Amino acid sequence: QVQLVESGGGLVQAGGSLRLSCAASESTFSISAMGWYRQAPGKQRELVALVTSGTSTKYADSVKGRFTISRDNAKGTVDLQMNSLKPEDTAVYYCYATVVTATWAVDPYWGQGTQVTVSS
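Residues numbered from 1 in each chain as written. Predicted model: local features only at pLDDT ≥ 70, side-chain atom pairs only at ≥ 80, totals over all residues. Heavy atoms only, no water.

Draft legend 1. Spatial organisation of the overall build of the protein chain. Secondary structure assignment for the protein chain yields zero helices and eleven strands. Listed N to C, the secondary structure of the protein chain is β-β-β-β-β-β-β-β-β-β-β in terms of helices and strands. Taking 14 Å as the expected radius of gyration for a compact globule of 120 residues, we find that the protein chain reaches 14 Å, a close match to that expectation. Relative to its 120 residues, the protein chain shows a buried fraction of 42%. When contacts within the protein chain are restricted to residue pairs at least 6 apart in sequence, long-range pairs at least 24 apart make up 54% of them. (Helix = DSSP H or I, 4+ residues; strand = E, 2+ residues; numbered from the N terminus. Rg over C-alpha atoms; globule rule 2.2 N^0.38 Å. Buried < 20%, exposed > 50% of the residue type's maximum accessible area, 1.4 Å probe, protein only. Contact = heavy atoms within 4.5 Å.)

Draft legend 2. A look at the nonpolar core. Grouped together as the largest cluster of nonpolar side chains are 31 residues, with contacts concentrated most on Leu4, Trp36, Leu80, Met82 and Tyr93. Of all the elements in the fold, those that place two or more residues in this core are β3 (18-24), β4 (31-39), β5 (46-51), β7 (67-72), β8 (77-82), β9 (91-100) and β11 (114-119). Residue contributions to this core peak at five residues, all from β9. If near-sequence neighbours (up to four positions away) are discounted, Leu4 is found in contact with Cys22, Ala23, Ala24, Met34, Cys95, Tyr96, Ala97, Tyr109, Trp110, Gly111 and Gln112. (Core = buried A, V, L, I, M, F, W, Y, C linked by side-chain atoms within 4.5 Å.)

Draft legend 3. Spotlight on the pairing of strand β10 (residues 106-110). In this structure, β9 lies alongside β10, joined through five bridges in antiparallel fashion. By the bridge assignment, Ala97 is partnered in β10 with Tyr109. A loop of five residues connects β9 with β10, the two strands running antiparallel in sequence, and Trp104 in this loop sits at a positive phi of about 70 degrees. (Pairing = 2+ DSSP bridges.)

Draft legend 4. Fine view of the packing of aromatic side chains. The tally for this structure, following the rule as stated, stands at three aromatic pairs. When the centroid spacing of 5.2 Å and the interplanar angle of 65 degrees are considered together, the rings of Tyr37 and Tyr96 count as edge-to-face. Here the residue Tyr37 occupies a position in strand β4, and Tyr96 occupies one in strand β9, the gap between them amounting to 59 residues. Residue Tyr37 shares its accessibility class with Tyr96, and that shared class is buried. (Phe/Tyr/Trp six-rings, centres within 6.5 Å; stacked < 30°, edge-to-face > 60°.)

Draft legend 5. Here's a closer look at the side chain of Thr98. Here Thr98 shows up in strand β9. In this structure Thr98 comes out as buried when scored by relative accessible area, which is 10%. Polar side-chain contacts of Thr98 include one of 3.0 Å to the backbone nitrogen of Ala33. Every residue in contact with Thr98, bar those within four places of it in the chain, is listed here: Ser30, Ile31, Ser32, Ala33, Val106, Asp107 and Pro108. (Polar contact = N/O pair within 3.5 Å; in protein donor to acceptor, adjacent residues only side chain to side chain.)

Draft legend 6. Fine view of the sheet that holds β3. With respect to topology, four strands assemble into an open sheet ordered β1-β3-β8-β7, the strand pairing being antiparallel. Two strands in the sheet have a free side with no partner beyond their single neighbour: β1 (4-7) and β7. Going across the sheet, the axis of each strand differs from the next one's by a mean of 15 degrees, ignoring polarity. Alignment of β7 against β8, held across six bridges, turns out to be antiparallel. (Axes fitted to C-alpha atoms, helices over the stretch in contact; angles between N-to-C directions.)

Structural measurements only, silent on function.
In structure tokens, the structure reads:
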């Protein structure tokens, strides 16, 4: 069972920056993709950014050019640098990881979520 522990959320003014960090609790050799999702009140959870065990990345169109995802495979961490924040970025941000099991299944794991609030 992999646990994902997030840190770095908070309150920031529009145009400001925040950095989110997520660390996996156990051995990381079986972790495939890692990334971040977010969920705003009354909306569905959506992908923000994802990085594979290699270097491939995927970003939501709404954050391209403003957010940068980075991953340290040796440490089992994934960070999200968020610049030029907008009020519409306000949401609970969830760390996400997929783990390949001994039977080659792929299991998803989620962090507990961290609140990001951007004031106008």
